[in-house]
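Residue-level listing of the chains:
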Amino acid sequence: MSIHPIEFRYGTKEMKAIWEEDFRLRCLFRVEAALSRAEEDLGMIPNGAAAEIAAAAESTRPERAKQIEDEIGHDMMATVLAMAEESPKYGEWIHLGATSNDILDTATGLQIKASLDILEPKLKALLALLLDKAIKNKGLVCAGRTHGQIAVPTTYGLRFAIWASEIARHIERLQQLRPRAAVGKMSGAVGTQAAYGKNGIEIQRRVMQHLGLTEVDVSNQVIQRDRHAEMVCWMALVASTLDKIFVEMRSLQRTEIAEVEEGFGKKQVGSSTMPHKRNPIKSEQICGLSRVVRAQLIPAFENIPLWDERDLTNSSCERVVFPEAFIFTDHLITLATRTLDRLMLRPENIERNLVLLHGLNMAENVMVELAKKGVGRQQAHEIMRQSSMIAFENKRELADVLMENETVMKNLSAQEITALLDPHKYIGTAISQVERLYEKLHKAYLA
């Protein structure tokens, strides 16, 4: 019976496959084979041993390693013995000079590399989608909001562009952290490489070259966990950006605002008791699961300080932290991309909210123009503040209130006031900013 929702509800097949026990064991077999290859090249084990051990890495059944582990209570030694059964002539040469974490940590590096290889193109696809929406909606003027209150106008294009820029930074961060996170080592029991003799440094270099991983510069018995904490931090950042985007989507889908809407299937049910409901359940799922990704930060940081050359406190919680962080991050990116692709904008409601305040959201524009006409900036601000309060309290058009103000009418005509209160013409460089970002990010990440 399934227990964890990852097993039946969340996550993609490709990411789950990387963190399944069978794949992990096969990564251990690969590392042992790479070590044998390096040692044979350096004359440390008999000629022909590496080929037989490589064949054993392919033929050894992960379930056999698990059976042996149940008997002896040591996962790494069980892996060695299972491979040795498939290597009758050279089985005794498997794992020569290695400590368990030479193999375990390097295998984790392979899993991390495979996981990042999945996440990077998915983030680029999300970036492409956001940029497409930004450029298509670059002139769609809408009410900006600060503190939950309507502010001066902005555009939907600028909103999408801001999110795209953030996703691009996550891609940049991924590319920067990849060589720090997808790493391996062959440093022996406490980091001195003593069991490898004079060939220790060269063995490590060759093994990582064979596996396509970065080698550590120095290590003790384990790869230092600041690398993994940075990686989990990166996933928490990605999850938090998606949380941010879909908090906004949820807010904008509220009945009173109704500017956007998740795609809603013809047979989709919104509520078991209220048939009319069209709930933003995908957005809510993204916001909820982002909390689970962020929750992995504390154990990831606490894994950094280990006793002396190492202890075992990091091992058990990493069996939870790494799979959950990667599987949920992948799930969030996949779901976010699909939900944004199906997102519907409601132009009629966008326009309704843009003019909802009868000109109040354009007070800044009038204030700036009065200052240009020679009215002091502070005086202009006070005029507009008082006029706005009168219009608000009496539910009047701001234009009508302004036309009753002697100072305003000395400096502005009725036609000028009307023009200054048009929200569609007060978006500054929003369109240019979107176009500039579109070109920059396409060239940098999507060309």
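Check the entry above for the structure.
In this text the structure is predicted, and so the values were computed from the model without any measurement. (Residues numbered from 1 in each chain as written. Predicted model: local features only at pLDDT ≥ 70, side-chain atom pairs only at ≥ 80, totals over all residues. Heavy atoms only, no water.)

A.B. asks: Hey, could you run me through the overall build of the protein in this one?
C.D. replies: Assigned secondary structure in the protein consists of 19 helices and six strands. Expected size for 447 residues packed as a compact globule is a radius of gyration near 22 Å; at 30 Å, the protein overshoots this value by more than 25%. Considering the protein as a whole, with its 447 residues, one finds that 50% of them fall into the buried category. Put simply, 76% of the contacts in the protein that link residues at least 6 apart link residues at least 24 apart. Carbon and sulfur atoms provide 53% of the accessible area of the protein, an area that totals close to 21,900 Å². (Helix = DSSP H or I, 4+ residues; strand = E, 2+ residues; numbered from the N terminus. Rg over C-alpha atoms; globule rule 2.2 N^0.38 Å. Buried < 20%, exposed > 50% of the residue type's maximum accessible area, 1.4 Å probe, protein only. Contact = heavy atoms within 4.5 Å. Areas by Shrake-Rupley, 256 points an atom, 1.4 Å probe, with all protein chains shown as cover.)

A.B. asks: Can you help me understand unusual backbone geometry in this one?
C.D. replies: The bulk of non-glycine residues show a negative phi, and the bulk of peptide bonds are trans. Of note in this structure, His147 is not a glycine but carries a positive phi near 60°. Its place among the elements puts His147 in the loop between strand 1 (141-146) and strand 2 (149-155). Residue His147 is classed as exposed on the basis of its relative accessible area of 80%. The phi torsion at Ala258 lies on the positive side, around 55°, for a residue other than glycine. Structurally, Ala258 can be placed in the loop between helix 9 (226-253) and strand 5 (260-261).

A.B. asks: Got a minute to help me understand the pairing of strand 2 in this structure?
C.D. replies: Side chains on a regular strand alternate between the two faces of the sheet. As paired elements, strand 1 and strand 2 share five bridges and run antiparallel to each other. By the bridge assignment, Arg145 is partnered in strand 2 with Ile150. Counting the residues that bridge the hairpin from strand 1 to strand 2 gives two residues, and of these His147 lies at a positive phi of roughly 60°. (Pairing = 2+ DSSP bridges.)

Everything listed here is a matter of geometry and, on its own, says nothing about what the molecule does.
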